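Residue-level structure breakdown
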Amino acid sequence: MPAASLLLDWYDRHRRTLPWREATRDPYRIWLSEVMLQQTTVAAVGPRWLRFLARFPDVGTLAASPWADVAEEWAGLGYYARARNLHACAQAVVARGGFPTTEAGLRELPGIGAYTAAAVAAIAFGREVVPLDGNVERVTARLAAIEDPLPGARPRLNRLAQHWMEQPAARARPGDFVQALFDLGATICVPRNPACAICPWLQGCEGQRSGIAPTLPRKAAKKARPLKRGVHFLLLDGAGRLLLRRRPPTGLLGGMLELPGTPWRETPWTEAEIPPFAPLPGLTWRALDGEAKHGFTHFELHMALRVATLPNSDAPDGEWLTPQAARAALPGTMQKLLDLAASAGALREG
DNA sequence: AATCCGGGGAC
DNA sequence: GTCCCAGGATT
C-alpha cells in the first residue's frame, strides 16, 4: 500500500491555496464549499464562495433569509436543487442547534449525501473517513489497476479507498489527508495525460506499472441527448423592465426565475399552438431571428424568442425587473435569451 | 441500477 | 464536438 506519509509530505509542499482552506474549520464554511464543489470546478466556486459568505456569513443568517435571496445568490451556478437543499439544511442545522459532528449525523441532512458527509466529517471534524469523489475514484482505480467500469465499480473503489486512512500518518491528519487525495487527483493524477513522473505515489501504483493508468477509470457508455425546443416571451413595460415568473419548486431549474414560454419538447411547435402560452396572447408578438441554444445534462435546448410591449392595461402576474436585475437573478439558460434580445436591439440596458 | 438535475473549462 | 468536475435525490 502506498504510504500516507509520502502523500502528506507532498501535500505540505504543493497543496493548492484555496479560499476555504484559510485556517478555518468552521463547519459552515466547509459545508458550503463542499456543496458548491459538487460537480462544479474549483475555479468556478472560488469567487462564488466568497460572495456567498459575504451575503450569508453564518448558518443562522442563511436559515433566516428568504428563498428568493438564496436563489438570486446561486443563479448561474447550476444544479439548483443544491441551493434548495442548502437552504433547508441551514434551517435544520439551526433547529438542532448546530452541525452534527459525525458522518452518520451529517448524512441525515438535506443535500448531504455519502460524499459530502464524509468530506465535512473529515475536514471539519477530523473523522477518519475518505470521501469518494471523482478524484479519489480515479486515484484509487489507477493505484489498484481496477478495470471494472463505473458506476458499478464504486463500492469496490470505496472499500479500497477507506484502507488508505488506516495508516497512522493519515489518522493523525484526516482532513489534510483527504484534501491531499483531492489535490493529487486534480493536479497530477488527472483524467488525461497524468503526470506520473512526478507523482508521490508512483512507487506502488499498479496502473502505472502495467501501463494502463491513463485509461482508468473505465466508464459505462453514455446515452445520446435529444433536442428539445421552446418559444419564450419577452414582455417589456414602458420603463424598459421585463416580466419574469418563478418556476415550480421542483424539477428542472426548480424555484428559479424564467422568461414565460411554452414547455420544452422534441416535437416542433406549430404556430397555432404557441399563443396560449404568451403572458398576453392578444398582443402583437414580434418573433426575433435566431435561437438561444443551451445544453443540459440530458437534453439540448433551442429557444426562440418573441417580444412585445405592455399596453396600458392590466399587467399579468409575475415579477418586473430591469434587464440588469433580471440578468443577475436568472439561470444561465435564461440569460442566453436576454443575450438574444440584446443582440436584436430589443433591450434597454448598458 | 437508471435517470434527472447546470454550467463551464480543457482538449 | 467530448469529457470532466470535491454528487444528491428520486424512482
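Residues numbered from 1 in each chain as written. Chains lettered and ligands numbered in written order. Predicted model: local features only at pLDDT ≥ 70, side-chain atom pairs only at ≥ 80, totals over all residues. Heavy atoms only, no water.

Digging into the UniProt feature "domain: HhH-GPD" (unreviewed entry) in chain A
As annotated in UniProt, the feature "domain: HhH-GPD" (unreviewed entry) corresponds to residues 36–187 in the numbering used here. Here residues 36–187 runs as 66% helix and 0% strand, with 20 Å between its end C-alpha atoms. (UniProt positions renumbered as here; feature names shortened; annotations may be inferred. Helix = DSSP H or I, 4+ residues; strand = E, 2+ residues; numbered from the N terminus.)

Observations regarding the pairing of strand S6 (residues 300–309)
Among the 10 residues in S6, 7 count as buried, and that is most of the element. In this structure, strand S4 (residues 286–287) lies alongside S6, joined through 2 bridges in antiparallel fashion. Following the sheet pairing, Arg286 is matched in S6 by Val307. As defined by bridge partners, strand S5 (residues 292–295) adjoins S6 across 4 bridges and the pair is classed as antiparallel. (Buried < 20%, exposed > 50% of the residue type's maximum accessible area, 1.4 Å probe, protein only. Pairing = 2+ DSSP bridges.)

A few points about the packing of aromatic side chains
Centre distance and the angle of the planes are the two values used to describe a pair of aromatic rings. All told, the structure shown has 13 aromatic pairs when counted by the stated rule. Of the aromatic side chains, those joined through ring pairs into one cluster are Tyr28, Trp31 and Phe99. Lying across the ring of Phe299, Lys228 places its NZ or CZ 4.6 Å from the centre. Its end group placed over the ring of Trp269, Arg265 keeps NZ or CZ at 3.7 Å from the ring centre. (Phe/Tyr/Trp six-rings, centres within 6.5 Å; stacked < 30°, edge-to-face > 60°. Lys NZ or Arg CZ within 6 Å of the ring centre and 35° of its normal.)

Digging into the protein's contact with DNA strand C
Close contacts around DNA strand C come from 29 residues, with Gly111, Tyr115, Thr116, Asp133 and Arg138 the closest. In DNA strand C, the atoms that sit within 4 Å of the protein are 64% sugar and phosphate, with bases accounting for the remainder. The separation between a phosphate oxygen of DNA strand C and a polar main-chain atom of Gly113 is 3.0 Å. Of all the secondary-structure elements, those providing two or more residues to the surface near DNA strand C are helix H8 (114–125), helix H9 (134–143) and helix H12 (174–187). (Near = heavy atom within 4 Å. Polar contact = N/O pair within 3.5 Å; in protein donor to acceptor, adjacent residues only side chain to side chain.)

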